[in-house]
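# Survey of secondary and tertiary structure
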Amino acid sequence: MTKVAWNTKELTVGQLAERSGVAVSALHFYESKGLIKSRRTAGNQRRYTRDSLRRVAFIRLAQRIGIPLKTIKDALAELPDERTPNRDDWARLSAAWRGELDDRIEQLQRLRDDLTDCIGCGCLSLDRCPVANPHDRLGDEGPGARRIDTRLCSPQEFCATSTGCASGTDPSLPAAS
């Protein structure tokens, strides 16, 4: 790790990437989305203030818990003078996000519980499959697969595990001679 002097007021994009553990491309992306900002030197190189480290840490933590970048940007925009979030800011923002996270946890628990009935055959027209085809919306189109990427398996594998077939034949019928 490159040692940066303690009194350095600005970091290069490489130093910020190294110190934060975030790829340079991600930092450029964050900047393009208005989550962080830099100034340009006379040689057109980016320079970030040291507090960008905390801002990047805030962004990464919020992302890790599933907060969309748009929501993170809106939260950062609420801070006066675009300052770096502090402990009190995190407490306030995370409390506001708690309901959204609770909803997402509930959805994931329902998904987990509904997987018991999923047989994973890929037909997607089962009337009781709440995961792949809620309310049997695809059943009106007839039997067999409607939304499957047949590139994931060979026609033989697909026919053996599905009520439809990638080759267009019905696996329950004898093969044509």
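Here the structure is a predicted model, which means the values were calculated and not measured. (Residues numbered from 1 in each chain as written. Predicted model: local features only at pLDDT ≥ 70, side-chain atom pairs only at ≥ 80, totals over all residues. Heavy atoms only, no water.)

### Structural notes on the overall build of the protein
Looking only at helices and strands, one finds 6 helices and 3 strands in the protein. Overall, the protein shows an N-to-C arrangement of helices and strands of β-α-α-β-β-α-α-α-α. Long-range pairs, those at least 24 residues apart, make up 43% of the contacts in the protein between residues at least 6 apart in sequence. (Helix = DSSP H or I, 4+ residues; strand = E, 2+ residues; numbered from the N terminus. Contact = heavy atoms within 4.5 Å.)

### Digging into the sheet that holds strand S3 (residues 46–49)
Sheet architecture is open: 3 strands sit in the order S1-S3-S2, paired in antiparallel fashion. Across the chains shown, the open sheet's two edge strands, defined by having one partner strand only, are strand S1 (10–11) and strand S2 (39–40). In this structure, S1 lies alongside S3, joined through 2 bridges in antiparallel fashion. The partner of Leu11 across the bridge, within S3, is Tyr48. (Pairing = 2+ DSSP bridges.)

### Quick notes on the nonpolar core
One finds Leu27 and Ile72 to be the most contacted residues of the largest nonpolar core, which totals 24 residues. Mapped onto this core, the elements with two or more residues apiece are helix H1 (13–20), helix H2 (24–32), helix H3 (52–64), helix H4 (69–77) and helix H5 (87–114). Per-element tally for this core: the top contributor is H3, with 5 residues. Apart from residues lying up to four places away in sequence, Ile72 is in contact with Leu35, Phe58, Ile59, Ala62, Gln63 and Ile67. (Core = buried A, V, L, I, M, F, W, Y, C linked by side-chain atoms within 4.5 Å. Buried < 20%, exposed > 50% of the residue type's maximum accessible area, 1.4 Å probe, protein only.)

### Overview of the pattern of salt bridges
It is possible for side chains of opposite charge to pair when their charged atoms get near one another. Per the stated rule, a full pass over the model turns up 8 salt bridges. The shortest N-O distance in the salt bridge between Arg46 and Glu31 comes to 2.9 Å. Here Glu31 lies in helix H2 and Arg46 lies in strand S3, a separation of 15 residues in the sequence. As a salt-bridge pair, Glu100 and Arg104 come within 2.7 Å of each other at their nearest N and O atoms. Here the residue Glu100 and the residue Arg104 both occupy positions in helix H5, the gap between them amounting to 4 residues, near one helical turn. (Salt bridge = Lys/Arg side-chain N within 4 Å of Asp/Glu carboxyl O.)

### Quick look at H5
If you check H5, its first and last C-alpha atoms are 39 Å apart, about what 28 residues at 1.5 Å a residue would give, namely 40 Å. The largest bend along H5 reaches roughly 35° and is located at Arg98. The set of residues buried in H5 consists of Asp89, Leu93, Trp97 and Leu101. The secondary structure elements touched by the buried residues of H5 are H3 and H4. Sitting at the amino-terminal end of H5 is Asn86, which places a side-chain oxygen 3.1 Å from the backbone nitrogen of Asp88. (Expected span 1.5 Å × (residues − 1). Bend = angle between axes of the 7 residues up to and from the residue. Polar contact = N/O pair within 3.5 Å; in protein donor to acceptor, adjacent residues only side chain to side chain.)

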